[in-house]
Amino acid sequence: GDSVTQMEGPVTLSEEAFLTINCTYTATGYPSLFWYVQYPGEGLQLLLKATKADDKGSNKGFEATYRKETTSFHLEKGSVQVSDSAVYFCALRDNAGNMLTFGGGTRLMVKP
Amino acid sequence: EAGVAQSPRYKIIEKRQSVAFWCNPISGHATLYWYQQILGQGPKLLIQFQNNGVVDDSQLPKDRFSAERLKGVDSTLKIQPAKLEDSAVYLCASSLGLGTRNTDTQYFGPGTRLTVL
C-alpha cells in the first residue's frame, strides 16, 4: 500500500538557519503530495501541495518540489523564524479517491 | 468563513466506558473524514463520508467504533467500549467533494484529545 516516510525529529535550528525536512513516498500511479503543519494546540493546516511531477509548491517562504525520479517531496525554507516551530507532516493522496496517507511528522524547534 | 468545528476539545474516560465526538464541517462541504492521531504519529483515516454515505471505512475498528452522518452535515464518532489504546487525538476534516488531482483540499478541525485511563 501507499506509505510516506519522513526524517525523524526533533529538528532544532537557530533563527535564520536553512531548513530541510526530508520526505519520500511509495505509491502506485501519480499521487498528489502535500505538506501540512500543526502548530501547538491547533489543527492541521495545509502548507503547500504539488499535483504532478516537477511541480513546486510554495507558501510562507516554504518550498517543496515533486520529484518522481527519487519519489521525494522535501520541504525547504531559506531562513526559519521562531514562529515556524511546529510539527510538519508530509502526505500523499492517491488518484483513486481522496484518502490522505500521512508520514509520522517532524517536530521543528527554532531557537532565537 | 467558519472552519471545521469539533467538540469536546478534551475528554478523559475510564476503559470500558463510552464516548462520542461531534464534528461540524465547513458549510457546503460534501465530504467528511475522521482521523485518529496517536501521540507521535501521523493521522490515520478511520472513515470517509460523501454526504450521508460511507465511502471508506476499511480502517475503522467496527467492533467498538461507529460513525454516522445522518443528514449529510454534522457527524458523530462513537467508541464503545473504550480501550487504553484508543487514547489519541480524533481529527475531523472536510472537503468540497471527492477529489480531483488539482482541487479538493482537506480542512482540519482542532481535534478532540481523548485520554482513556
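Structure first, text after, so check above.
Please read these numbers as outputs of a predicted model, since none were measured by experiment. (Residues numbered from 1 in each chain as written. Chains lettered and ligands numbered in written order. Predicted model: local features only at pLDDT ≥ 70, side-chain atom pairs only at ≥ 80, totals over all residues. Heavy atoms only, no water.)

Draft legend 1. Representation of the pattern of salt bridges. Taken as a whole, this structure holds five salt bridges over all chains when the rule is applied. Close ionic contact of A:Lys52 with A:Asp55 constitutes a salt bridge, the shortest N to O distance being 3.3 Å. The salt bridge involving B:Lys62 is made with B:Asp57; its shortest N-O contact spans 3.7 Å. (Salt bridge = Lys/Arg side-chain N within 4 Å of Asp/Glu carboxyl O.)

Draft legend 2. Spatial organisation of the interface of chain A and chain B. Listed by partner, the interface residues are 21 residues for chain A and 26 residues for chain B. Between chain A and chain B the total buried area reaches about 1,700 Å² when both faces are included, carbon and sulfur atoms providing 45% of it. Our enumeration of links across chain A and chain B arrives at zero salt bridges. For the pair chain A and chain B, the number of links is four residue pairs in polar contact (both at pLDDT 80 or more). Contributing elements (two or more residues each) for the side of chain A that touches chain B: strand E5 (32–38), strand E6 (44–50), strand E10 (86–93) and strand E11 (100–102) of chain A. Looking at side-chain class alone, the side of chain A that touches chain B contains nine nonpolar, nine polar and three charged residues. (Contact = heavy atoms within 4.5 Å. Buried area = accessible area lost by both parts, 1.4 Å probe. Polar contact = N/O pair within 3.5 Å; in protein donor to acceptor, adjacent residues only side chain to side chain. Helix = DSSP H or I, 4+ residues; strand = E, 2+ residues; numbered from the N terminus. Nonpolar A, V, L, I, M, F, W, Y, C, P; charged D, E, K, R; others polar.)

Draft legend 3. Focus on unusual backbone geometry. Cis rather than trans, the peptide bond between A:Gly9 and A:Pro10 has omega equal to 0 degrees. Mapped onto the secondary structure, A:Pro10 falls in the loop between strand E1 (3–6) and strand E2 (11–14). Going from B:Gln80 to B:Pro81, the amide bond is cis rather than trans, its omega being -5 degrees. In this structure, B:Pro81 sits in the loop between strand E8 (75–79) and strand E9 (88–95). Of note in this structure, A:Asp54 is not a glycine but carries a positive phi near 75 degrees.

Draft legend 4. Inspection of the nonpolar core at higher detail. Formed by 26 residues in total, the largest nonpolar core has its most connected members in A:Leu19, A:Trp35, A:Leu47, A:Leu48, A:Phe73, A:Leu75 and A:Tyr88. Elements supplying a minimum of two residues to this core: E2, strand E3 (19–21), strand E4 (23–26), E5, E6, strand E8 (62–65), E10 and strand E12 (106–111) of chain A. Ranked by the residues each element gives to this core, the list is headed by E10(A), at four residues. With residues near it in sequence (within four places) discarded, A:Leu47 still touches A:Trp35, A:Tyr36, A:Val37, A:Asn59, A:Lys60, A:Phe62, A:Leu75 and A:Tyr88. By size, the runner-up hydrophobic cluster in this structure holds 21 residues, among which are B:Leu32, B:Trp34, B:Ile47 and B:Tyr90. (Core = buried A, V, L, I, M, F, W, Y, C linked by side-chain atoms within 4.5 Å. Buried < 20%, exposed > 50% of the residue type's maximum accessible area, 1.4 Å probe, protein only.)

Draft legend 5. The arrangement of the environment of B:Gln36 in detail. Residue and element names in this part refer to chain B. Position of Gln36 among the secondary structure elements: in strand E4 (residues 31–37). Between the C-alpha atoms of Gln36 and Lys11, which are 25 residues apart in sequence, the distance is 14 Å. Other than its neighbours up to four places away in sequence, Gln36 contacts Gly42, Pro43, Lys44, Leu46, Phe65, Asp86, Ala88, Val89 and Tyr90. A distance of 3.0 Å separates polar atoms of two side chains, one belonging to Gln36 and the other to Tyr90.

Draft legend 6. Just the pairing of E2(A), in detail. All names here are of chain A. Across the two faces of E2 the burial differs, with Val11 and Leu13 buried and Thr12 and Ser14 not buried at all. Two elements, E2 and E12, share four bridges in a ladder whose sense is parallel. Paired with Thr12 across the bridge in E12 is Met109. (Pairing = 2+ DSSP bridges.)

Draft legend 7. Looking closely at the state of the cysteines. Inspection of the entire model under this criterion finds two disulfides over all chains. With a sulfur-sulfur separation of 2.0 Å, A:Cys23 is cross-linked through a disulfide to A:Cys90. In this structure the cystine formed by A:Cys23 and A:Cys90 twists about its S-S bond by roughly -70 degrees; its chirality is therefore left-handed. Taken together, the residues A:Cys23 in strand E4 and A:Cys90 in strand E10 connect sequence positions 67 residues apart. Note on A:Cys23: relative accessible area 1%, which makes it buried. Judged by its relative accessible area of 1%, A:Cys90 is buried. Between the sulfur of B:Cys23 and that of B:Cys92 lies a disulfide, 1.9 Å long from S to S. With the S-S bond torsion at -70 degrees, the cross-link from B:Cys23 to B:Cys92 turns out left-handed. Separated by 69 residues along the polypeptide, B:Cys23 in strand E3 (residues 19–24) and B:Cys92 in strand E9 bring together distant segments of the chain. (Disulfide = S-S within 2.5 Å.)

Any functional reading would require information that these geometric values do not contain.
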